[in-house]
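Chains, contacts and geometry: an overview
So the chains spell out like this:
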Amino acid sequence: MKNTERIANLALAVYVGCHRSVKPTPPSETMSNEHAMRFPFVGSAMLLSLFLLFKFLSKDLVNAVLTCYFFVLGIIALSATIVPAIKRFLPKHWNEDLIIWHLPYFRSFEIEFTRSQIIAAIPGTFFCAWYASQKHWLANNILGLAFCIQGIEMLSLGSFKTGAILLAGLFVYDIFWVFFTPVMVSVAKSFDAPIKLLFPTGNSARPFSMLGLGDIVIPGIFVALALRFDVSRGKESQYFKSAFLGYAVGVVLTIVVMNWFQAAQPALLYIVPAVIGFLAAHCIWNGEVKPLLEFDESKTAATSQDGSSGDKSSTKEQLIWVTKEMIDVSAIGIDSLLVCLLRQIVGGDFSDGDLWLCFELNERIQEMLLLWARNGFPVGALAVHPQQTLSALCTIMSLPINSFKDFAAAALATWAAACI
């Protein structure tokens, strides 16, 4: 495989993963500085454990277990990768309606999926079966690229400070385990699973050159963070372009040095300085170092959630105000409207906002019943079964006001029974 084709494959995976990481809402879970500091040590422990595993156990046995594991993981990764491409051709409810499956004998363990994901998993299953039976390098690379896209899409560094800490730690980690010990190279050669990309060399003594997925995903999530930073500011992807260009330059340097010396190279030795260097030079040139360092997705997510909660609360308050005004003027059909609102709440959850809305609607219904008691009881949706209605009202009023869950459960059940 030509070097230009290798670079194109890697660049495509990073580019697709970065753009798929841009979501309507910021990620709710991000990596902290402490996690970034510990990551190289955790990675070292895992790497050393695999090295000892291959040393003291049968390599065929270990790889057989790993093949089963990556068979399942590959189906999930491939289906998640192709779902966005096929969902537009499927019915809308296939993409939205969740199917919940409980594991037999372990009812607390549940898996959620949609019909679209099942459809996407069918070709993924056949493809993984081909990989497990043939172990072809092309199948290995396609699975590896799917893992890369999913990793870049789902993982979030949170801030550029955290990203710099992580990349700096893994920069040292990669150099140490490749140049100063045989551990990294030994595990990479023994590990027969799609955790690396294979590139045919045409040399029988050294048939494949390799690039670990970590050398793609770790810098890739940093590049994706630059893209989301651009999107958050509503500007063109200027810093994404510089970070992506730095990544491409780093990969080119890695391949050139690897071919020159015909020996394993720590890819992060070249990729990390290139990515951080290009991005740093660009933001220094624009004089925007401070906003870049202050960017934090976890704070953005919290602000977004607060704003969303505020909007929902405002809408509910307006709804209660409108119903109160309609009751005050004895609007025709207000009883039917309240019944419909209560029916809608039955399908909701026990969040604080929904419980408050349920309580306030109950208050409005009491006001309406008192008004009807003074001015005459009309024949309406609530008057069809006045005895059940009043019984339901008494049941609700007998509960302590601060017992929100008991109140909601009794209110929703009794009013639904009385009004339907």
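Naming follows an unreviewed UniProt entry, where the chain appears as Integrator complex subunit 3 N-terminal domain-containing protein of Hibiscus sabdariffa. The UniProt entry for the chain carries this comment under Subcellular location (unreviewed entry): "Endoplasmic reticulum membrane".

Moving on: the packing of helix α2 (residues 33-56) against helix α8 (residues 183-190). Viewed as axis vectors pointing N to C, α2 and α8 meet at an angle of 60°, and their least axial separation amounts to 9 Å. It follows that α2 is oblique to α8 by the angle criterion. Viewed along their axes, α2 and α8 form a crossing whose handedness is left-handed. Residues L47, L48, L50, F51 and F54 of α2 lie in contact with α8, whose contacting residues are V183, M184, S186, V187 and S190. Split into classes, the residues belonging to the contact of α2 with α8 amount to eight nonpolar, two polar and no charged.

A few words now on the packing of aromatic side chains. For the coordinates displayed, the defined rule picks out 15 aromatic pairs. The interplanar angle of 70° and the centroid separation of 5.9 Å between the aromatic rings of Y15 and F244 together place this pair among those described as edge-to-face. Here F244 lies in helix α10 (residues 238-261) and Y15 lies in helix α1 (residues 3-20), a separation of 229 residues in the sequence. Residue F244 is classed as buried on the basis of its relative accessible area of 18%. A ring pair is formed by F176 and W177, whose centres lie 5.0 Å apart and whose planes are at 80°; its orientation type is edge-to-face. Classification of W177 as buried rests on a relative accessible area of 10%. Put simply, the rings of F54, Y69, F70, F147 and F191 touch in pairs and so form one group of aromatic residues.

Tallying each qualifying case throughout the model produces six salt bridges. Of the charged contacts in the structure, one is a salt bridge between R228 and E297, with a shortest N-O distance of 2.5 Å. Taken together, the residues R228 in helix α9 (residues 214-232) and E297 in helix α13 (residues 297-328) connect sequence positions 69 residues apart. For E297, a relative accessible area of 4% gives the class buried. We note a salt bridge from R233 to E288, for which the minimum N-O separation is 3.1 Å.

Moving on: empty space enclosed by the protein. Inspection of the entire model under this criterion finds two cavities of 30 Å³ or more. Here the largest cavity defines a volume of roughly 70 Å³. No other element matches α10, which puts four residues into the lining of the largest cavity. Counted by class, the lining of the largest cavity contains eight nonpolar, one polar and one charged residues.

Mapped onto this structure's residue numbering, the UniProt feature "transmembrane region" (unreviewed entry) falls at residues 39-58, 64-86, 138-157, 164-188, 208-227, 239-261 and 267-285. Secondary structure across residues 164-188 comprises 88% helix and 0% strand; the distance between its end C-alpha atoms is 26 Å.

Before going further, it helps to spend a moment on the nonpolar core. The nonpolar side chains of soluble globular proteins are, as a tendency, buried together. Ranked by size, the top nonpolar core spans 69 residues in total, and within it C18, F160, I216, V223 and Y247 carry the most contacts. Looking at this core, the element that brings in the most residues is α9, giving 11 residues. Ignoring any residue separated from it by four or fewer positions in sequence, one finds C18 in contact with I152, G220, V223, A224, L227 and F240.

Moving on: the packing of helix α6 (residues 137-154) against α9. Each pair of packed helices can be described by the angle between their axes along with the distance between the axes. Running from N to C, α6 and α9 cross one another at 40°; their axes reach a closest spacing of 9 Å. Here α9 runs oblique to α6, going by the angle between their axes. Viewed along their axes, α6 and α9 form a crossing whose handedness is right-handed. For the pair formed by α6 and α9, the contact residues are C148, G151 and I152 on the first element and I216, V217, G220, I221 and A224 on the second. Grouping the amino acids of the contact of α6 with α9 by side-chain chemistry returns six nonpolar, two polar and no charged.

A few words on the environment of S186. Looking at the secondary structure, you find S186 in helix α8. In this structure, the C-alpha to C-alpha distance between S186 and F51, residues 135 residues apart in sequence, is 7.2 Å.

Those residues of α8 not exposed but buried are V183, M184, V187 and S190. The buried residues of α8 all sit within an arc of 140° when viewed along its axis, so they share a single face. Those residues of α8 that are buried are in contact with α2, α3 (59-86) and α7 (160-179).

Below, the discussion takes up a nonpolar patch on the surface. A cluster of nonpolar side chains, contributed by W101, Y105, F106, F109 and I111, occupies part of the molecular surface with about 620 Å² of accessible area. Counting residues per element, the nonpolar patch draws most heavily on strand β2 (residues 106-113), at three residues. Considering the arrangement of structural elements, one finds W101 in strand β1 (residues 99-103). Judged by relative accessible area, which is 39%, W101 ranks as partly exposed.

Most peptide bonds adopt trans geometry, and most residues besides glycine take a negative phi value. With a phi close to 55°, K135 is a non-glycine residue in the positive phi region. In this fold, K135 is placed in the loop between α5 (115-134) and α6.

Parameters and conventions
- Residues numbered from 1 in each chain as written.
- Predicted model: local features only at pLDDT ≥ 70, side-chain atom pairs only at ≥ 80, totals over all residues.
- Heavy atoms only, no water.
- UniProt positions renumbered as here; feature names shortened; annotations may be inferred.
- Axes fitted to C-alpha atoms, helices over the stretch in contact; angles between N-to-C directions.
- Helix = DSSP H or I, 4+ residues; strand = E, 2+ residues; numbered from the N terminus.
- Parallel < 35°, antiparallel > 145°, perpendicular 65-115°, else oblique.
- Left-handed = near helix turned anticlockwise from the far one by under 90°.
- Contact = heavy atoms within 4.5 Å.
- Nonpolar A, V, L, I, M, F, W, Y, C, P; charged D, E, K, R; others polar.
- Phe/Tyr/Trp six-rings, centres within 6.5 Å; stacked < 30°, edge-to-face > 60°.
- Buried < 20%, exposed > 50% of the residue type's maximum accessible area, 1.4 Å probe, protein only.
- Salt bridge = Lys/Arg side-chain N within 4 Å of Asp/Glu carboxyl O.
- 1 Å grid on protein atoms, 1.4 Å probe; cavity = no way out; pocket = protein on both sides within 12 Å on 5 of 7 lines; lining within 4 Å.
- Points joined across faces, edges and corners; volume = space filled by probe spheres on them.
- Core = buried A, V, L, I, M, F, W, Y, C linked by side-chain atoms within 4.5 Å.
- Arc of directions from axis to C-beta.
- Patch = residues over 30% accessible without salt bridge, like charges linked within 9 Å, V, L, I, M, F, W, Y side chains within 5 Å.
- Areas by Shrake-Rupley, 256 points an atom, 1.4 Å probe, with all protein chains shown as cover.

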